[in-house]
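Each chain, written out:
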Amino acid sequence: MNALRKPPLKNRYLAVKERLLLACQAHKRALQDIRLLAVSKHHSSTKIEELYHAGQREFGENYASELLLKAAQLKHLEIKWVFIGQLQSNKIKRIVEHAHEIQSVASLKHLALIARYAEELGKVPYPVFLEVNAGDEESKGGWRL
C-alpha cells in the first residue's frame, strides 16, 4: 500500500467532526453552535455527494461558474451552498439564485445588487458577510475601517 495515499473522504470528514467535538467539549461549547463549511472548489460533484452522504450539508464555492454547475448537478440533494469568492456584478443575480448566503461582499454596489436580487427572488432576509480590509491595504479589497 502506498504510504502517501489519503484515507477515504468519509473517514477524513469524521475525523474533523471528532476534532470539532473535542474542541467544543474543551471550551464548553455546543457542537450544534458550530458551522462546518466544506470548501468544495475544484472538487467533483461526485466527491461533494460522497461528503453529503457522510453528513456534510454546507459547501462553499469560490467561482460562480462552479457554483452554478454543481448546484444544477446536485439539485436532488438539500445542500446549503455558500459563495465565498470575489463577486462580479454581472454574476450576482445567478449567485443569489443558487447560494444560501454570500461571505465575500466587498462593496456597497454589490451589497445593493444582492439586496435587489434577493427581493426579486423572494429570498429576504438574505445572509451576507462583509469583507473587511482591516489593514487598510491598497492591494486588498473590502470595507475599510
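As the structure is a prediction and not an experimental result, all values here were calculated from the model.

A.B. asks: I keep staring at a nonpolar patch on the surface and nothing clicks. Help me out?
C.D. replies: Together, Leu130, Val132 and Leu145 make up an exposed nonpolar region whose accessible area comes to about 330 Å². Tracing the sequence through the fold places valine 132 in strand 6 (residues 132–133).

A.B. asks: Where do I start with the packing of helix 1 (residues 9–26) against helix 2 (residues 45–54) in this structure?
C.D. replies: Two quantities define a packed helix pair, namely the angle between the helix axes and the distance between the axes. It is the contact of helix 1 with helix 2, at a shortest axis distance of 9 Å, that shows an interaxial angle of 50°. Relative to helix 2, the element helix 1 lies oblique. The element helix 1 and its partner helix 2 pack so that their crossing is right-handed. Contact residues: helix 1 offers Leu9, Lys10 and Tyr13, while helix 2 offers Lys47, Glu50, Leu51 and Ala54. In the contact of helix 1 with helix 2, the residues fall into 4 nonpolar, no polar and 3 charged.

A.B. asks: I'm lost on the side chain of serine 40 in this one. Help?
C.D. replies: Tracing the backbone shows serine 40 in the loop between strand 1 (38–39) and helix 2. Judged by its relative accessible area of 2%, serine 40 falls in the buried class. In contact with serine 40, not counting residues within four places along its chain, are Ile48, Phe59, Gly60, Glu61, Glu66, Lys70 and Trp81.

A.B. asks: Looking at this structure, I do not really get the pairing of strand 3 (residues 80–83). What am I missing?
C.D. replies: Two faces make up the sheet, and in a regular strand the side chains alternate between them. Pairing between strand 2 (residues 58–61) and strand 3: 4 bridges, direction parallel. Opposite phenylalanine 59, over in strand 3, you have tryptophan 81 as the bridge partner. Note on the crossover from strand 2 through helix 3 (residues 64–73) to strand 3: the handedness is right-handed. Strand direction decides the pairing type here: strand 3 and strand 4 (residues 101–105), joined by 2 bridges, are parallel. When the sheet's bridge partners are listed, phenylalanine 83 is paired in strand 4 with isoleucine 102. Once the chain exits strand 3 it traverses helix 4 (residues 92–98) before rejoining the sheet at strand 4, and the crossover so formed is right-handed.

A.B. asks: Please clarify how the packing of aromatic side chains should be interpreted in this entry.
C.D. replies: How two aromatic rings sit relative to each other is set out by the distance from centre to centre and by the angle between their planes. Counted under the stated rule, the structure contains 1 aromatic pair. With centroids separated by 6.1 Å and ring planes inclined at 45°, the aromatic side chains of phenylalanine 59 and tryptophan 81 adopt a geometry described as tilted. Residue phenylalanine 59 is located in strand 2, and its partner tryptophan 81 is located in strand 3; the two are separated by 22 residues in the primary sequence. Note on accessibility: phenylalanine 59 and tryptophan 81 belong to one class, buried. Looking at arginine 57, its charged tip hangs above the ring of tyrosine 52, at a distance of 3.8 Å from the centre.

A.B. asks: Would you explain the sheet that holds strand 5 (residues 128–130) in this entry?
C.D. replies: Strand pairing in a sheet is mediated by backbone hydrogen bonds. Such pairs are either parallel or antiparallel. Reading across the sheet, the 5 strands line up as 1-2-3-4-5 and stay open at both edges, with parallel pairing between neighbours. This sheet does not close on itself; its edge strands, each paired only once, are strand 1 and strand 5. As paired elements, strand 4 and strand 5 share 2 bridges and run parallel to each other. If you follow valine 105 over to strand 5, its bridge partner there is leucine 130. Sitting on the sheet, helix 2 is in contact with strand 1, strand 2 and strand 3, with an inclination near 155° to strand 2.

Cut-offs and rules
Residues numbered from 1 in each chain as written. Predicted model: local features only at pLDDT ≥ 70, side-chain atom pairs only at ≥ 80, totals over all residues. Heavy atoms only, no water. Patch = residues over 30% accessible without salt bridge, like charges linked within 9 Å, V, L, I, M, F, W, Y side chains within 5 Å. Areas by Shrake-Rupley, 256 points an atom, 1.4 Å probe, with all protein chains shown as cover. Salt bridge = Lys/Arg side-chain N within 4 Å of Asp/Glu carboxyl O. Helix = DSSP H or I, 4+ residues; strand = E, 2+ residues; numbered from the N terminus. Axes fitted to C-alpha atoms, helices over the stretch in contact; angles between N-to-C directions. Parallel < 35°, antiparallel > 145°, perpendicular 65-115°, else oblique. Left-handed = near helix turned anticlockwise from the far one by under 90°. Contact = heavy atoms within 4.5 Å. Nonpolar A, V, L, I, M, F, W, Y, C, P; charged D, E, K, R; others polar. Buried < 20%, exposed > 50% of the residue type's maximum accessible area, 1.4 Å probe, protein only. Pairing = 2+ DSSP bridges. Right-handed = clockwise from strand over helix to strand, strands pointing away. Phe/Tyr/Trp six-rings, centres within 6.5 Å; stacked < 30°, edge-to-face > 60°. Lys NZ or Arg CZ within 6 Å of the ring centre and 35° of its normal.

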